[in-house]
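Chain by chain, the residues:
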Amino acid sequence: MSRQVTATLTQDAPILVSLGNRPATDQVAARWTFAGRSHHGLITAAEGSRANSTMRIWVNLSGDEIRPPLTEADAAERGWLAGAVTFVVALAVLFGAPGLVEWRLNRTRMRHWDQEWQRVNGAVRDSRNT
């Protein structure tokens, strides 16, 4: 179970140079209260956030910061990805298993055929020597 609480930064977040369109974030010291107890720790804050500014964070039942729960879009994306991977694996099993079985059977047949040829060649040699 998770809850959202308000955390207060106890230091300024550094200003970072980010590449691309993603906002830069860093771990910054903060304090928050949960279930009547004061907590301190590092939280993820946007670059340039000032000390004493507040932000909402997610905490577990012990009051420790955790990742926020998945959004509906994230959950849907993971569901589609899991479905696609399952489909590909099912196709691989469906089309790969018969080929694997055939390969294994052919190896066995070839080994037996080779043993039979060894017996025939041995019998032919024995008949020539007598």
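What counts and what doesn't
Residues numbered from 1 in each chain as written. Predicted model: local features only at pLDDT ≥ 70, side-chain atom pairs only at ≥ 80, totals over all residues. Heavy atoms only, no water. Patch = residues over 30% accessible without salt bridge, like charges linked within 9 Å, V, L, I, M, F, W, Y side chains within 5 Å. Areas by Shrake-Rupley, 256 points an atom, 1.4 Å probe, with all protein chains shown as cover. Salt bridge = Lys/Arg side-chain N within 4 Å of Asp/Glu carboxyl O. Helix = DSSP H or I, 4+ residues; strand = E, 2+ residues; numbered from the N terminus. Core = buried A, V, L, I, M, F, W, Y, C linked by side-chain atoms within 4.5 Å. Buried < 20%, exposed > 50% of the residue type's maximum accessible area, 1.4 Å probe, protein only. Contact = heavy atoms within 4.5 Å. Pairing = 2+ DSSP bridges. Expected span 1.5 Å × (residues − 1). Bend = angle between axes of the 7 residues up to and from the residue.

This part takes up a nonpolar patch on the surface. Together, Phe87, Val88, Leu91, Leu94 and Phe95 make up an exposed nonpolar region whose accessible area comes to about 540 Å². By the element assignment, Phe87 lies in helix H1 (residues 72–129).

The next thing to look at is the nonpolar core. The biggest cluster of nonpolar side chains holds twelve residues, and these are Val5, Ala7, Leu9, Ala13, Val28, Ala30, Trp32, Phe34, Ile43, Ala45, Ile57 and Val59. Every element with two or more residues in this core is listed here: strand S1 (2–9), strand S2 (25–34), strand S3 (37–46) and strand S4 (54–60). A per-element tally of this core places S2 first, with four residues. When residues no more than four places from it in sequence are discounted, the contact partners of Ala13 are Val28, Ala46, Glu47, Gly48 and Ser49.

The subject of this paragraph is the pairing of S4. Direction of pairing for S1 relative to S4: antiparallel, over a ladder of seven bridges. Residue pairing across strands places Ser2 opposite Asn60, the latter belonging to S4. With two bridges connecting them, S4 and strand S5 (residues 65–66) associate as antiparallel partners. In the sheet register, Trp58 faces S5, and the bridge partner there is Ile66. A loop of four residues connects S4 with S5, the two strands running antiparallel in sequence, and Gly63 in this loop sits at a positive phi of about 90 degrees.

A few words now on H1. Look at H1: 84 Å from first C-alpha to last across 58 residues, which is about the 86 Å you get at 1.5 Å a residue. Along H1, the sharpest kink reaches roughly 35 degrees, centred on Gly96 and followed within four residues by the proline Pro98.

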